[in-house]
Amino acid sequence: MSPERKIRKEFQQVGSTEYTVMIDLQLPEGFTLVEPSHSNRLHVSFENDEGRTERQGHITKENPEFPLGIPVRSKGEGALIFVDYEFRYRSKHDPEALFQTRIHYEIPVQLTKGAGDQVKLSETLPLDELVAV
């Protein structure tokens, strides 16, 4: 089984129910993706304040290139954006050893008059749990 890491982010505010989730994820120095691969997938989904997924509630991108913008149309009030990135990678120091992981981000979104039209997730992926494939 591959390791999984769950990360809860701070509230982000948007000005309307139509906005863009801007995602820019990077691997730490010394690691590289195994690509192209069917195992390299980005999932973006969301629930509204009633815990229901909207019609356009799940987007999947295979072998995504970052930065990436995903348009979202939701109620906005109490929305919870889920960003799941599952991928295979290797260490540049040991290219024969393959690893696989899934990192799950939860981003709470609030509708606030006059706020922007983007939700941002930009960070280096925490690859501190390694399991050989």
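In this report, the structure presented in the accompanying data block is examined. (Residues numbered from 1 in each chain as written. Predicted model: local features only at pLDDT ≥ 70, side-chain atom pairs only at ≥ 80, totals over all residues. Heavy atoms only, no water.)

Let's talk about the side chain of H43
Link 1 in the chain: As for its position among the elements, H43 is in strand β5 (residues 41–47).
Link 2 in the chain: Taking the relative accessible area as the measure of exposure, H43 reaches 16% and is therefore buried.
Link 3 in the chain: Polar contacts involving the side chain of H43 include one to the side chain of T60, which spans 3.2 Å.
Link 4 in the chain: Residue contacts for H43: discarding those within four places in its chain leaves H58, I59, T60, F82, V83, D84 and E86. (Helix = DSSP H or I, 4+ residues; strand = E, 2+ residues; numbered from the N terminus. Buried < 20%, exposed > 50% of the residue type's maximum accessible area, 1.4 Å probe, protein only. Polar contact = N/O pair within 3.5 Å; in protein donor to acceptor, adjacent residues only side chain to side chain. Contact = heavy atoms within 4.5 Å.)

Considering the nonpolar core
Link 1 in the chain: Membership of the largest hydrophobic core comes to 30 residues, with the highest contact counts inside it found for Y19, I81 and V83.
Link 2 in the chain: Secondary-structure elements contributing two or more residues to this core are β3 (18–26), β4 (31–33), β5, β7 (68–73), β8 (79–91), β9 (94–111) and β10 (118–124).
Link 3 in the chain: No other element matches β8, which puts six residues into this core. (Core = buried A, V, L, I, M, F, W, Y, C linked by side-chain atoms within 4.5 Å.)

Remarks on the pattern of salt bridges
Close approach of charged atoms allows side chains of opposite charge to pair.
Link 1 in the chain: Taken as a whole, this structure holds six salt bridges when the rule is applied.
Link 2 in the chain: A salt bridge links R73 to E18, with the nearest nitrogen and oxygen atoms 3.5 Å apart. Of this pair, R73 sits in strand β7 while E18 sits in strand β3, and the two are 55 residues apart along the sequence.
Link 3 in the chain: For R73, a relative accessible area of 55% puts it in the exposed group.
Link 4 in the chain: Where D84 meets R102, a salt bridge forms, and the shortest distance between an N and an O atom there is 2.8 Å. Of this pair, D84 sits in strand β8 while R102 sits in strand β9; the two residues are 18 residues apart in sequence, bridging distant segments of the chain.
Link 5 in the chain: Taking the relative accessible area as the measure of exposure, D84 reaches 7% and is therefore buried.
Link 6 in the chain: Bridged by salt links that share partners, the residues E4, D84 and R102 form one connected network. (Salt bridge = Lys/Arg side-chain N within 4 Å of Asp/Glu carboxyl O.)

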